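Residues per chain are reported as follows:
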Amino acid sequence: MAIFNTILNWVVPPASLVMLAFAWPTLCFINACEWVYNSIYSENMEDKVVIITGASSGIGEQIAYEYAKRRANIVLVARSENRLRVISENARRIGANHITIIAADVVKEEDCRRFVNETIKFYGRVDHLVNAASLGHTFYFEEVTDTSGFPHLMGINFWGNVYPTYVALPYLHHSNGRIIVNASVDNWLPLPRMSLYAAAKAALVNFYETLRFEVKDDVGITIATHGWIGSEITGGKFMLEGAAEMQWKEEREVHVTGGPAEDYARLIVSGACRGDSYVKFPSWYDIFLLYRVFAPNILNWTLRILLSTHGSRRTSLVGTGRPLLDYSGRPLLEGTSPSKFVASPTHFAQFSPQQVK
Ligand SMILES: NC(=O)c1ccc[n+]([C@@H]2O[C@H](COP(=O)([O-])OP(=O)(O)OC[C@H]3O[C@@H](n4cnc5c(N)ncnc54)[C@H](OP(=O)(O)O)[C@@H]3O)[C@@H](O)[C@H]2O)c1
């Protein structure tokens, strides 16, 4: 058996690469034709029903506006009901057909069951489920002084996608619907200060790749992987070294246009409506996958050189690790103690679906 595997180790990689080289032009041509066809016959979202979790800020919020432009019925889900109210107002102005806001915690299965049931009760169907709830973090694993927040991080970033999917899946089968997953390039590109986040995203991608086989063509799955989109997003919530400590800039302005989050949201929604399996932004990250498989050491050395600032940099430049802000919204200067952050005023609004418009 060992000899057999040794032979295959030598034969299979070069043989596969040669086959791929010959098949590549044909594959590109087929993909291009498929893309043109799907773009022409893209899913019309008018009057369709979309549930968006994590809709109270960042990419989730911008995705809501994209569906609003397509005149969909939108169910906005997050914990902060006040923010959802502002966003629903914006979405209504942009053109959403009908909007429902539901304050819920996606880590709790009963909350997920409740917002899906409310959606079915009111609209009778679910066509797209967009999972965008997340919690980023920005700490070196060894610097952690309190591990109590670990399950919370993994809960939001992993179970916070799995529970809504589990509950909505029967209805998505019924409507031949689609699940849109917000993963991250961190799921395969290792970057410092994001170990748990990256692990949760890797688990997420593997979960949905497996589910894709199980649901066959009945339910579409679009996995979106992106690098750092945060520069234009005005603040957010992060877990710091203290684990229980979070930074939160609640009173953010709601931006409706301009910036990378908007561009990315547009890409995600048009990709989902076209039936794309993947949306990548920026797509040049993909080239590093080759290094990851064939020359992992080169990738590791390069990343080490580029990111060798352990102990001096207090700002994560990738993933959801958007620049840390102080309580006035200014970027945190190097060396500033996390204790300067405002403690999280996280509030778990009562679960109360509200119809808007
Ligand atoms: N921004 C980036 O650079 C970037 C890069 C790669 C991947 N991503 C991914 O893109 C997605 C969106 O990221 P983002 O930057 O837009 O994040 P964000 O601005 O921090 O928004 C996170 C959203 O999740 C909600 N949320 C958090 N915990 C929740 C819970 N337990 N139950 C319900 N809702 C919860 C938050 O609202 P409440 O606190 O009100 O509940 C908020 O609406 C995430 O999946 C993220 O991992 C982002």
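Everything quoted here is computed from the prediction, not taken from an experiment.

Reading the values: the criteria
Residues numbered from 1 in each chain as written. Predicted model: local features only at pLDDT ≥ 70, side-chain atom pairs only at ≥ 80, totals over all residues. Helix = DSSP H or I, 4+ residues; strand = E, 2+ residues; numbered from the N terminus. Buried ≥ 20, exposed ≤ 12 C-beta atoms within 10 Å, placed from the backbone. Contact = placed C-beta atoms within 7 Å. Axes fitted to C-alpha atoms, helices over the stretch in contact; angles between N-to-C directions. Parallel < 35°, antiparallel > 145°, perpendicular 65-115°, else oblique. Left-handed = near helix turned anticlockwise from the far one by under 90°. Nonpolar A, V, L, I, M, F, W, Y, C, P; charged D, E, K, R; others polar. UniProt positions renumbered as here; feature names shortened; annotations may be inferred. Core = buried A, V, L, I, M, F, W, Y, C linked by C-beta atoms within 7 Å. Expected span 1.5 Å × (residues − 1). Arc of directions from axis to C-beta. Pairing = 2+ DSSP bridges. Right-handed = clockwise from strand over helix to strand, strands pointing away. pLDDT = per-residue confidence, 0-100.

**Q** Describe in detail the overall build of the chain, supporting the description with residues and values.
**A** Along its length, the chain carries 9 helices and 11 strands. Across the 357 residues in the chain, those meeting the buried criterion constitute 39%. In the chain, 75% of the contacts between residues at least 6 apart in sequence involve partners at least 24 apart.

**Q** Requested: an account of the packing of helix α5 (residues 150-175) against helix α6 (residues 195-215), with residues and values cited.
**A** At a closest axis distance of 9 Å, the pairing of α5 and α6 adopts a crossing angle of 20 degrees. Viewed along their axes, α5 and α6 adopt a mutual orientation that is roughly parallel. Remark: the crossing between α5 and α6 carries right-handed chirality. Together, F150, L153, M154, N157, F158, N161 and V162 of α5 and L196, Y197, A200, K201, A203, L204 and F207 of α6 make up the contact between the two elements. The class makeup of the residues in the contact of α5 with α6 is 11 nonpolar, 2 polar and 1 charged.

**Q** Tell me about the UniProt feature "transmembrane region" (unreviewed entry) in the chain, residues and numbers included.
**A** Within this structure's numbering, the places UniProt gives as "transmembrane region" (unreviewed entry) are residues 7-27. Along residues 7-27, the helical share is 100% and the strand share 0%, with 29 Å between the first and last C-alpha atoms.

**Q** Which residues make up the nonpolar core, and what values do they have?
**A** If you look at the biggest cluster of nonpolar residues, it comprises 68 residues, and the most contacted ones within it are I51, I52, I63, A64, I74, L76 and V77. Ranked by residue count, the leading element in this core is α5, at 8 residues. Ignoring anything within four residues of it in the chain, the contact list for A64 reads I52, A55, I74, L76, I87 and A91.

**Q** Give me α6: which residues, what numbers.
**A** In a regular helix each residue adds 1.5 Å, so 21 residues correspond to 30 Å; α6 covers 30 Å between its end C-alpha atoms and thus fits that length. All of the buried residues along α6 are Y197, A198, A200, K201, L204 and Y208. Projected down its long axis, α6 shows its buried positions confined to an angular sector of 160 degrees, all on one face. Exposed side of α6, more than 90 degrees from the buried face: N206, T210, F213 and E214 are the residues found there. Among the structural elements, β5 (136-137), α5, β6 (178-182) and β7 (220-226) are those in contact with the buried residues of α6.

**Q** I'd like a rundown of the packing of helix α2 (residues 58-69) against helix α7 (residues 260-274), residues and numbers included.
**A** The interhelical angle for the contact between α2 and α7, taken along N-to-C directions, is 55 degrees, at an axis separation of 8 Å. Between α2 and α7, the crossing angle belongs to the class labelled oblique. The handedness of the crossing between α2 and α7 comes out as right-handed. From α2, G58, I59, Q62, I63, E66 and Y67 reach across to α7, where they touch A261, E262, Y264, A265, R266, I268 and V269.

**Q** How would you sum up the pairing of strand β2 (residues 73-78)? Please name residues and give values.
**A** Within β2, 6 of the 6 residues are buried, leaving the element largely enclosed by the surrounding structure. Because side chains alternate across β2, one face comprises the buried residues N73, V75 and V77, and the other comprises I74, L76 and A78, equally buried. The pairing of strand β1 (residues 49-53) with β2 spans 5 bridges and is parallel. Its bridge partner being in β2, V49 is matched across the sheet by N73. For the crossover from β1 across α2 to β2, the handedness is right-handed.

**Q** Tell me what's going on with the pairing of strand β4 (residues 128-131), and back it up with residues and numbers.
**A** Residues H128 and V130 point to one face of β4 and L129 and N131 to the other, with burial holding for every one of them. Of the pairings in the sheet, the one linking β1 to β4 comprises 4 bridges and is parallel in character. Looking at β4, one finds that T53 is bridged to N131. Relative to β6, β4 runs parallel, the two being bridged by 4 bridges. Looking across to β6, one finds that H128 is bridged to R178.

**Q** Please set out the environment of R274 residue by residue, giving values where relevant.
**A** With respect to the helices, strands and loops of the structure, R274 is situated in helix α7. Along the primary structure R274 and I40 are separated by 234 residues, whereas in three dimensions their C-alpha atoms are 8.5 Å apart. Sequence-distant contacts of R274, that is, excluding residues within four places in its chain, are made with N38, S39 and S42.

**Q** Tell me about the confidence of the model for the chain, and name the residues and values.
**A** Predicted coordinates in regions of low pLDDT should not be interpreted in detail. Taken over all residues, the pLDDT of the chain has a mean of 82, while the share at 70 or more is 78%. Below pLDDT 50 for its whole length, residues 247-258 participates in 26 contacts with residues either more than four positions away or in separate chains.

**Q** Describe unusual backbone geometry, with residues and values.
**A** With an omega of -10 degrees, the peptide bond running from F281 to P282 counts as cis. We note that R71 has phi near 60 degrees; this positive angle belongs to a residue other than glycine. Counting through the fold element by element, R71 comes out in the loop between α2 and β2. Note on R71: 17 C-beta atoms within 10 Å, which makes it partly exposed.

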